[in-house]
Each structure stands twice: as structure tokens, then as C-alpha cells.
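Each chain, written out:
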Amino acid sequence: MSRFEQMIQTVETYQKLVEENYSRIRRLAEDVRAGLCDYIGAPDGVCVHLVPPTGPFEPRAYGDAAFSIPPRGFRPLGPVSFGLAFRVSKQADWLRLKFECRKTGEEFVVGIEDGAEYTFSLPIEEQGSEPFYAHIFEYILGWFEENIESYRDGAYGTRAIGFDFPSVPSLLAAPAES
């Protein structure tokens, strides 16, 4: 085997692992998008969208653009990020959480924002999603509860925000009635 053939074979293995990693993360993100609203009992439709992990966003479906790497082409092998826009009020106020996913040995670690992590044993498919949904819900709820307490204690000026909110106010307005 020539050096070139060796390189081609190695890169093909690399790309297979990239696809395995991306597919695992994509399935997990789609599962969260599809199931989290049911888990929390949102009675009036969509309360979660996959959005870009950084930069401006609107509360809508972004498809492939919701992930830090593209679904095709030559991609890096490493952690992949995605954003989750989560509706937090009846008035359609949304916040974004950034998730960074990485494989560590036989575990799959999902980091949320400022260090909160959830660990799956591989393969993920054999586990239920409810504990992960509970982790996300508790993280969001806990952030708001901590800020309420900080305000009541008079220390709210020192808390750093853990979420991104949409930057376009017109998107937050109620839809026009027909």
C-alpha cells in the first residue's frame, strides 16, 4: 500500500467516525425537539426549536443550520454544538440554551451552557429520554428560581445570564389575528 493509499484509508475511517458522531448528536437533538414539550406538558403546541448554538436567532426551525458543523462534506471530528430555543411564557418569550456534545470513552457527555452536564452510557438508543428531559427542565427552572432568590436577597446584580434571548423584539409580539 502506498502512503497515499494509507492516507486515503485513514481519512475514510476518520470520516466514518465523524458521521457516527454527527448522527448520534443529530438524533439526540431531534429527540429533544420532538419530546421535551410533551414531557413538560405544554398544552398549546410547539415549545422547542433547534436553533444555531451562537449568533442571532429567531424561535423557528433551522434544520441543518442548528448544528455547529454541516451534515455533509469534510467535517472535523470533535464536539458538536446545537442550540435549543425553549418557550418560557404564555406570551411566546423564548430563550436559547447551547448544548455541546462529546464522546468520552464509552460515555456521551452533553454540556449545557455554563458547565451543567448530562452523561449517557453508549449506546444512547438503549436509554429512555425522560431523565435527560428532566435534566434540561430542572436546569431552566433552576436558573429562574436562582435569579428570583438573588433578587429577593438583593444580590441580583451579580448574576451572569445563562441564556440567550432573541434579539428581534418584533418576533416576540403576538401573531396578528385574521
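For the structure, check the block above.
As the structure is a computational prediction, the values presented were derived from the model and not from experiment. (Residues numbered from 1 in each chain as written. Predicted model: local features only at pLDDT ≥ 70, side-chain atom pairs only at ≥ 80, totals over all residues. Heavy atoms only, no water.)

## Concerning the side chain of arginine 96
No. 1: One can find arginine 96 in strand E3 (residues 94–104).
No. 2: For arginine 96, the side chain forms a polar contact with the main-chain oxygen of proline 52, separated by 2.9 Å. (Helix = DSSP H or I, 4+ residues; strand = E, 2+ residues; numbered from the N terminus. Polar contact = N/O pair within 3.5 Å; in protein donor to acceptor, adjacent residues only side chain to side chain.)

## Side note on the nonpolar core
No. 1: Phe67, Phe99, Phe108, Phe132 and Ile136 are the most contacted members of the largest nonpolar core, which totals 39 residues.
No. 2: The greatest single-element share of this core, amounting to seven residues, is contributed by helix H1 (residues 3–40).
No. 3: Residue contacts for phenylalanine 132: discarding those within four places in its chain leaves Leu28, Val32, Phe99, Val110, Tyr118 and Phe120. (Core = buried A, V, L, I, M, F, W, Y, C linked by side-chain atoms within 4.5 Å. Buried < 20%, exposed > 50% of the residue type's maximum accessible area, 1.4 Å probe, protein only. Contact = heavy atoms within 4.5 Å.)

## Remarks on the pattern of salt bridges
One side chain can pair with another of opposite charge once the charged atoms of both are near each other.
No. 1: Under the criterion given, the structure shown has nine salt bridges.
No. 2: Where glutamate 20 meets arginine 24, a salt bridge forms, and the shortest distance between an N and an O atom there is 3.5 Å. Of this pair, glutamate 20 and arginine 24 are both found in helix H1, four residues apart, which corresponds to roughly one turn of the helix.
No. 3: You can call arginine 24 buried: its relative accessible area is 12%.
No. 4: Put simply, Arg26, Glu30, Arg33, Asp64 and Arg72 are held in one network by salt bridges that share partners. (Salt bridge = Lys/Arg side-chain N within 4 Å of Asp/Glu carboxyl O.)

## Comments concerning the packing of H1 against helix H2 (residues 130–153)
No. 1: Two elements in contact, H1 and H2, have axes separated by 10 Å at closest approach and are oriented at 75°. Comparing their axes, H2 and H1 come out roughly perpendicular. Taking contact as the criterion, the partners of Leu28, Asp31, Val32, Gly35, Leu36, Tyr39 and Ile40 in H1 are, on H2, Glu130, Phe132, Tyr133, Ala134, Ile136 and Phe137.
No. 2: For the contact of H1 with H2, the class distribution of residues is 10 nonpolar, one polar and two charged. (Axes fitted to C-alpha atoms, helices over the stretch in contact; angles between N-to-C directions. Parallel < 35°, antiparallel > 145°, perpendicular 65-115°, else oblique. Nonpolar A, V, L, I, M, F, W, Y, C, P; charged D, E, K, R; others polar.)

## Some points on the sheet that holds strand E2 (residues 80–87)
No. 1: Reading across from one edge, E1-E2-E3-E4-E5 is the order of the five strands in this open sheet, with antiparallel pairing throughout. Only two strands of the sheet have a single neighbouring strand rather than two, namely strand E1 (48–51) and strand E5 (116–121). Across the sheet, the axes of successive neighbouring strands diverge by a mean angle of 25°, strand direction being ignored. (Pairing = 2+ DSSP bridges.)

## Topic: the pairing of strand E4 (residues 107–112)
No. 1: The element E4 is extensively covered by neighbouring structure, given that five of its six residues are classed as buried.
No. 2: For E3 and E4, the ladder comprises six bridges, and the chain directions are antiparallel. Residue pairing for E4: cysteine 101 is matched across the bridge by valine 110.
No. 3: Counted along the chain from E3 to the antiparallel partner E4, the turn is two residues long, and its residue glycine 105 has a positive phi close to 65°.
No. 4: One ladder, built from six bridges, connects E4 with E5; its direction is antiparallel. Counterpart to valine 110 in the pairing with E5 is tyrosine 118.
No. 5: Where E4 folds back on E5, the antiparallel hairpin that results is connected by three residues, among which glutamate 113 adopts a positive phi of roughly 50°.

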